[in-house]
Every structure is written in C-alpha cells, then in structure tokens.
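One letter stands for each residue in the lines below.
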Amino acid sequence: MPFDDEDPIPSSALTAGAGEQGTDDAPSFEDALADETQDFRLFASLFDKKQASGKTLRRGEKDFESHGTRAQEGALEASRNAMHEVLSYTRSHKPKDYTRGWYFPDKWANVPIEEEREGEKGAGLFARERVVGVENEIRGPLGQNTGRVVTGIEGYKQTPGWLSTWLLPEEALYLVERGSLDLWWPARGIEDIFPVKKDSTESNGDAVEQQFEEHELGIPLSFQAAYALLIGQDGERGKVSLEKYQVYANLRRTGYKIMRATLIQLPPAVPEKASQTLLEWLFSLLPTQKSQNYLPHGPLVKPGLYRSYTPIFTQLALIPRHKPTPQPHTSTPPPEEPFNIHYHVWKSSTAFSKTKPPPPDFRIAVADARASAVPTLEQLAALLERRTPWDPPEVKRDGGGAGLMYRRLKHAWRNAIVAVVDRGLISYIRFGEMAFAEERLYEKAGSGGRGAKGKRGGRQGRGGRGGRGGRGRGG
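These remarks concern the structure in this document. (Residues numbered from 1 in each chain as written. Predicted model: local features only at pLDDT ≥ 70, side-chain atom pairs only at ≥ 80, totals over all residues. Heavy atoms only, no water.)

### Some thoughts on unusual backbone geometry
Leaving glycine aside, a negative phi is the common case for residues, and trans is the common case for peptide bonds.
Right, so step 1: The step from Glu337 to Pro338 runs through a cis peptide bond, and the omega angle for that step is 5°.
Right, so step 2: Note that Pro338 resides in the loop between α12 (310–316) and β8 (343–346).
Right, so step 3: We note that Phe126 has phi near 50°; this positive angle belongs to a residue other than glycine.
Right, so step 4: Of note in the backbone geometry, Gln158 takes a positive phi value of approximately 60° without being a glycine.
Right, so step 5: Its place among the elements puts Gln158 in the loop between β3 (148–149) and β4 (165–167).
Right, so step 6: For Gln158, a relative accessible area of 33% translates into the label partly exposed. (Helix = DSSP H or I, 4+ residues; strand = E, 2+ residues; numbered from the N terminus. Buried < 20%, exposed > 50% of the residue type's maximum accessible area, 1.4 Å probe, protein only.)

Listed below in structure tokens is the structure:
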C-alpha cells in the first residue's frame, strides 16, 4: 500500500499552482513540475559542455523519507555532486557572437531635446537616452530593431563613440538578461575605448588592444549591477522604469519587434463652436421645422401612422451621440501619464529599417496597477485623439449582416493598448473610439416599406385532395 505522500499530484492542482507564480507565458504541465526535486544525475549524464544550452533537464523520482541505508546516502551524494557540477558550468560566448557594451551615461547628455515625429527619417533616435555603447555591430535577428548609430548631431562629429552603435537602457538590459551582451564599467575615458573613427569603414579597435590590457580598460558588471544602473523612475535620463522594461522584455520574448514611440502628425484641431455673425445668431433663435418639440408629458413618439422606423427612432434620440472625426477637438487636453503611448510594436513578420520604420501594428501605453486607477473618459479621449492616428474601419453599406457590424465596432476608429503591470503580472487591455450611432439598424429594418423581410402574401389556395369544389346545378 503506497504512502499518502507518494500519491500522484493531480495535474489540475499543478497547473493552478504554476499560474499563481505570475509568469508571462501560459502555465504548462512542464512548468508546473518545476518545483519538484530535479535529478541532476540524469542531466549530468547527458551534459556536454559544448552544447549545454540545448539540453533539457530531466526530472527523477523523489524520496520523501530517509531509509537509513547506504544506497540512499550514496544516491543523494551522487545527486549533490552532479548538481554542483552542472551549476558550476561557466557559460561562454563564441568569438564571432561575443558582444561587449560599455556604460557611458554622459556621452549624449548635452544633446538638445527635439520632438521626433513618426514617419520622418531618423525618427526614434532618442540620443540623450542612449547610455551603452557597443564595440561591434549586433548581428542576427536581435540587431534588426536594437540599437542605433548616432550620426547627424551637430558638434559630435569625429568625437569618441561616433559611428558606433548605442543602446537604450531597456535594450541593453534585455540583451544582458538573455546572455547576448557583456556589460562593462569603464576604468578609462571614452577616447581610449571608442577612439575616433575617420570614416564608416575604418576601425581602430586593434590599436586599443595593443595599447591597453583588457583589465586596464574596465571591469565586467553583474546582472544585479546592470539592473541598478539601468532601472529607475519615469523621467530619469538614461533609465527605464521596471514596469516599462517588463512589458518590453515580454513582447521581445514573444517575438514582436518593439521600439520607443514617437509623436504622430495630427491634423488641425476642430473648434467646438464656429464663430457666427450677428445675422446668423439672430436667425438661429428662430424655431425651425427640424427641431423636435417634446411635450412635458405624454409619449415621446407622436401618435400617427408610420411607414418606416426612421422617424420613430429619430424622435427617440434624446441624448447626443458621439461621432468620431479625423481632427481632434480643441477641448481635448494633452495626454497624462501613464496613459500615453510609450512603445510602437510590429509583428515578427514585418521587415523594416530602424531609421524609417513603417506605421506600427500596435501602440502600447504602460501603467502601474499599484500607482494608477482605471482611466477616466477624459484620459482615454486624450490618449486616443492626441496619440493615435485616424484609422476608420472599412464600411460596406450594401449589407454584410451583423458580422461586419461587429467587426467594424471592434476595429474602432482609433485604438490603443494599455499594458497594466501588477508586480510583474502583465495584462493587455485594448481601448477604442467607438461609433455606435453610425450603425443605424432601424434603417436596414425599415427599408422597402414592406417590413423587415419584405414578404408578400401567399398565393390563392385550391381545394383539398377530395377534388375541386363542386359547381352548383339548378334543381
């Protein structure tokens, strides 16, 4: 008879326990088993130092009680030795894939602040925020939307670090976290580490290695030191908040391409009330036939004969309905933090140049659940009208049924995604500017003047199976 503690754990309980850990991906059965004792002996038997990253850790059986035998003690000691051997392995980089970055937070500190517009060439540079310089070019898929070569800034040409790739704090920390970047603290000046390059093809990296030893240039930083240097509060130059980095890293791990957001080119705002002349104001005081005069009591719909639903629902429209316009309203204030677009996101299949990316597939704002509340209507209006472009859905007035109507409402006329971060747990919520008043269902139901389906009356029937009705004869 097996002991109670040796009974198998239900998979539902394992899945529920793994979901409480707040991981970014959906919990699976393999993730739920992570808390069980791992048999490092099985892993050590397959351990190959040349291809250690491609191995999968196998899990073995667990002894719940001490037997007091030498066999069990020997098995435990063998597992401990295998665990120490596996954990003592030093991960190394291949020479061709090795990338080293240097932390120079003051290199671009004096660059003037300029507003960068979406669609302009070179937009998204954010030179003042780039604090990590990379010795070599980042190769592979990581370099497609990571890092920028800072050029074209007046007063910085032919200076140390010119024509080198520089990283934003979230980009550098993500590369360090995944083991693709070795971050160093400089012990010498930037002119010794990044000598002046005469042109884009000439490099003096060999001269630096001949002049200085590696330990004389600086020291490598740990992962904890990288977090301390690159994580900060919103508004700090050269740092990124923890919530924004968590959203950035989560989207990068899932395969999306992400860059910092730039401003969009907005059309001229629409004034709330157009200016009127004195004569127009006097005529506006006169009653017109179009105005609806509602009685203080009685039904809203005047009694009478109606041949369509349009005049009925027109009389029922008491509250003004929202109608989206391409131009923002003058009364709409600028967006407030945290409900502001922070990142532009593209699908993994989108190919583009870092200097001139296409319009993003998603626009994301990052909010801390502990420091903010549910956005108000004014905050959402400012976010959508001031920071998202006019993107109306495709309208087909020739029918299509309810499916196309729901698709238009879901697409919205403007839309944005708010990433709510609650201590590492990220929830993506999509907000859109809807226009329910544009979907007039009563016009479709009342078209034709013959009801909803427009059916005619049935044909005149004949007699039953017993034959036609007999003709009357005279008596």
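Next comes the rest of the account.
### Quick look at the packing of aromatic side chains
Right, so step 1: Under the counting rule described, the total for this entry stands at 13 aromatic pairs.
Right, so step 2: Seen in terms of ring centroids, Trp108 and Trp166 are 5.7 Å apart; in terms of plane orientation they differ by 85°. Their pairing is edge-to-face. With a gap of 58 residues between them, Trp108 in the loop between β1 (100–103) and β2 (132–134) and Trp166 in strand β4 connect regions that are remote in the sequence. Neither Trp108 nor Trp166 differs from the other in exposure class; each is buried.
Right, so step 3: Taking the centre distance of 6.2 Å and the plane angle of 85° together, the rings of Tyr256 and Phe362 count as edge-to-face. In this pair, Tyr256 is assigned in the loop between α10 (242–253) and β7 (257–260) and Phe362 in strand β9 (residues 362–368), connecting sequence segments 106 residues apart.
Right, so step 4: Looking at Phe362, the relative accessible area reads 26%, which means it is partly exposed. (Phe/Tyr/Trp six-rings, centres within 6.5 Å; stacked < 30°, edge-to-face > 60°.)

### Thoughts on the environment of Arg237
Right, so step 1: Position of Arg237 relative to the elements: it lies in the loop between α9 (223–230) and α10.
Right, so step 2: On a C-alpha basis, the gap between Arg237 and Glu129 in space is 5.7 Å, while along the polypeptide they are 108 residues apart.
Right, so step 3: Residue contacts for Arg237: discarding those within four places in its chain leaves Pro105, Asp106, Ala109, Arg128, Glu129 and Val131.
Right, so step 4: Of note is the side chain of Arg237, whose polar atom sits 2.9 Å from the backbone oxygen of Pro105.
Right, so step 5: Among the polar contacts made by the side chain of Arg237, one reaches the side chain of Asp106 at a distance of 3.5 Å. (Contact = heavy atoms within 4.5 Å. Polar contact = N/O pair within 3.5 Å; in protein donor to acceptor, adjacent residues only side chain to side chain.)

### Examining the sheet that holds β8
Right, so step 1: Here 5 strands make up an open sheet; going across it, the order is β7-β8-β9-β10-β11 and the pairing mixed. Whereas interior strands pair on both sides, the edge strands pair on one side only; in this sheet they are β7 and β11 (425–432). Across the sheet, the mean angle separating the axes of adjacent strands is 30° when strand polarity is ignored.
Right, so step 2: Direction of pairing for β7 relative to β8: antiparallel, over a ladder of 4 bridges. Counted as the bridge partner of Lys257 is Trp346 from β8.
Right, so step 3: Lying on the sheet, helix α13 (residues 377–387) is in contact with β9, β10 (415–422) and β11; it crosses β10 at an angle near 130°. (Pairing = 2+ DSSP bridges. Axes fitted to C-alpha atoms, helices over the stretch in contact; angles between N-to-C directions.)

### A look at the sheet that holds β4
Right, so step 1: Taken in spatial order, the 6 strands make up an open sheet running β3-β4-β2-β1-β5-β6, and their pairing is mixed. Every other strand in the sheet has two partners, leaving β3 and β6 (218–220) as the edge strands with one partner each.
Right, so step 2: In terms of strand pairing, β1 meets β2 through 3 bridges, oriented antiparallel. Bridge assignment links Tyr103 to a residue of β2, and that residue is Val132.
Right, so step 3: The strands that helix α5 (residues 169–177) touches are β2, β4 and β5 (182–186); relative to β4, the one it contacts most, it runs at about 90°.

### Section: the pattern of salt bridges
Right, so step 1: One pass over the full model with this rule turns up 14 salt bridges.
Right, so step 2: As a salt-bridge pair, Glu170 and Arg260 come within 2.7 Å of each other at their nearest N and O atoms. Of this pair, Glu170 sits in helix α5 while Arg260 sits in strand β7, and the two are 90 residues apart along the sequence. The same class applies to Glu170 as to Arg260, namely buried.
Right, so step 3: The shortest N-O distance in the salt bridge between Arg188 and Asp192 comes to 3.2 Å.
Right, so step 4: A relative accessible area of 35% means that Arg188 is categorised as partly exposed. (Salt bridge = Lys/Arg side-chain N within 4 Å of Asp/Glu carboxyl O.)

### Quick look at the environment of Gly143
Right, so step 1: Secondary-structure assignment places Gly143 in the loop between β2 and β3.
Right, so step 2: Once the C-alpha coordinates of Gly143 and Lys354 are considered, the two residues, 211 residues apart in sequence, prove to be 9.5 Å apart.
Right, so step 3: Apart from the residues lying within four places of it in its own chain, the contact partners of Gly143 are Ile138 and Lys354.

The quantities given are spatial measurements derived from coordinates; they are silent on function.
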